[in-house]
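Single-letter residue listing:
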Amino acid sequence: TDAVRAVTKDDHIKGSLDAPVTIVEYSDFECPFCKRFHDTMNEVMKEVDDGQVAWVFRHFPLDQLHPVKARAVAVASECASEQGGNESFWKFSDRYMGLTLSNNKTPIETVIPQIVQEIGLNESTFQTCFESGKYDQHIEDDIENAIETGGRGTPWSVVIAPNGKTFPLNGAQPLEAVKQLINLAAQEK
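Everything in this summary refers to the structure shown in the same document.

1. Description of helix 3 (residues 108-118)
Phase 1: For helix 3, every residue scored as buried is listed here: Ile108, Val111, Ile112, Ile115 and Val116. Taken end-on, helix 3 shows its buried residues confined to a sector of 135°, consistent with a single buried face. Exposed residues on helix 3 whose side chains face more than 90 degrees from its buried face are Glu109 and Gln117.
Phase 2: Among the structural elements, helix 2 (69-99) and helix 4 (123-132) are those in contact with the buried residues of helix 3.
Phase 3: In the stretch just after helix 3, Gly120 is the one whose phi turns positive, near 80°.

Listed below in structure tokens is the structure:
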């Protein structure tokens, strides 16, 4: 887990970049366990976050399980971010995770444009970005970093303590387990 790439302002962050504890999640938009964990992390951010936790989202589309669609949605989330910043990334991600089916059952050709419209993005600018391929390497870099840190499936997360010590968080752990790990990490000063 020590190979986790440093978190910067260019990451997709919920919470403060200066939070003492950071959770870097490597996720697949088509993974049913990722959807469950996404809900859990939103709860964490409501319950725990008074500046104590930063949630960082990175891409880990599992092409062998979710061919085409998981990677396409990762690109779409980056294009939402390009147009509307961090806030649009999270609006897109929260809406996609809450609205869709898992395991490549979502008709992304209609759902993605629907979400883009709902969150107020320019549709033609979005489509140009989506078709450009400009985020392919960024997504590939996230996948490589997930694997370097020990990720073999999704969701895969690394909890980073204030002193830099890292803790693995594998799978869609329940809220209480995530909170326990945050508390454990927070003690590492």
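2. Let's talk about the nonpolar core
Phase 1: Grouped together as the largest cluster of nonpolar side chains are 59 residues, with contacts concentrated most on Tyr26, Phe92, Tyr96, Ile112, Val159, Val178 and Ile182.
Phase 2: Looking at this core element by element, the count peaks at twelve residues for helix 2.
Phase 3: In this view, Phe92 contacts Val73, Ala76, Ser77, Ala80, Ile112, Ile115 and Ile119; residues no more than four positions away in its chain are not counted.

3. Re the environment of Leu181
Phase 1: Counting through the fold element by element, Leu181 comes out in helix 6 (residues 175-186).
Phase 2: Leu181 gets classed as buried once you look at its relative accessible area, which sits at 14%.
Phase 3: Measuring from C-alpha to C-alpha, the distance between Leu181 and Arg95 comes to 27 Å, with 86 residues separating the pair along the chain.
Phase 4: Aside from chain neighbours lying at most four places away, what touches Leu181 is Val159, Phe167, Pro168 and Leu169.

4. Some details on the pattern of salt bridges
Opposite charge on two side chains allows them to pair when their charged atoms are near.
Phase 1: Following the criterion strictly, the structure yields twelve salt bridges and no others.
Phase 2: Lys14 is the salt-bridge partner of Asp94, the closest N and O atoms lying 3.0 Å from each other. Within this pair, whereas Asp94 is found in helix 2, its partner Lys14 is found in strand 1 (residues 12-14), the two being separated by 80 residues in sequence.
Phase 3: Classification of Lys14 as buried rests on a relative accessible area of 18%.
Phase 4: One salt bridge connects Glu188 with Lys165, and the closest N-O pair in it is separated by 3.6 Å. Of this pair, Glu188 sits in the segment after helix 6 while Lys165 sits in the loop between strand 4 (156-160) and strand 5 (166-170), and the two are 23 residues apart along the sequence.

The rules we used
- Residues numbered from 1 in each chain as written.
- Predicted model: local features only at pLDDT ≥ 70, side-chain atom pairs only at ≥ 80, totals over all residues.
- Heavy atoms only, no water.
- Buried < 20%, exposed > 50% of the residue type's maximum accessible area, 1.4 Å probe, protein only.
- Helix = DSSP H or I, 4+ residues; strand = E, 2+ residues; numbered from the N terminus.
- Arc of directions from axis to C-beta.
- Contact = heavy atoms within 4.5 Å.
- Core = buried A, V, L, I, M, F, W, Y, C linked by side-chain atoms within 4.5 Å.
- Salt bridge = Lys/Arg side-chain N within 4 Å of Asp/Glu carboxyl O.

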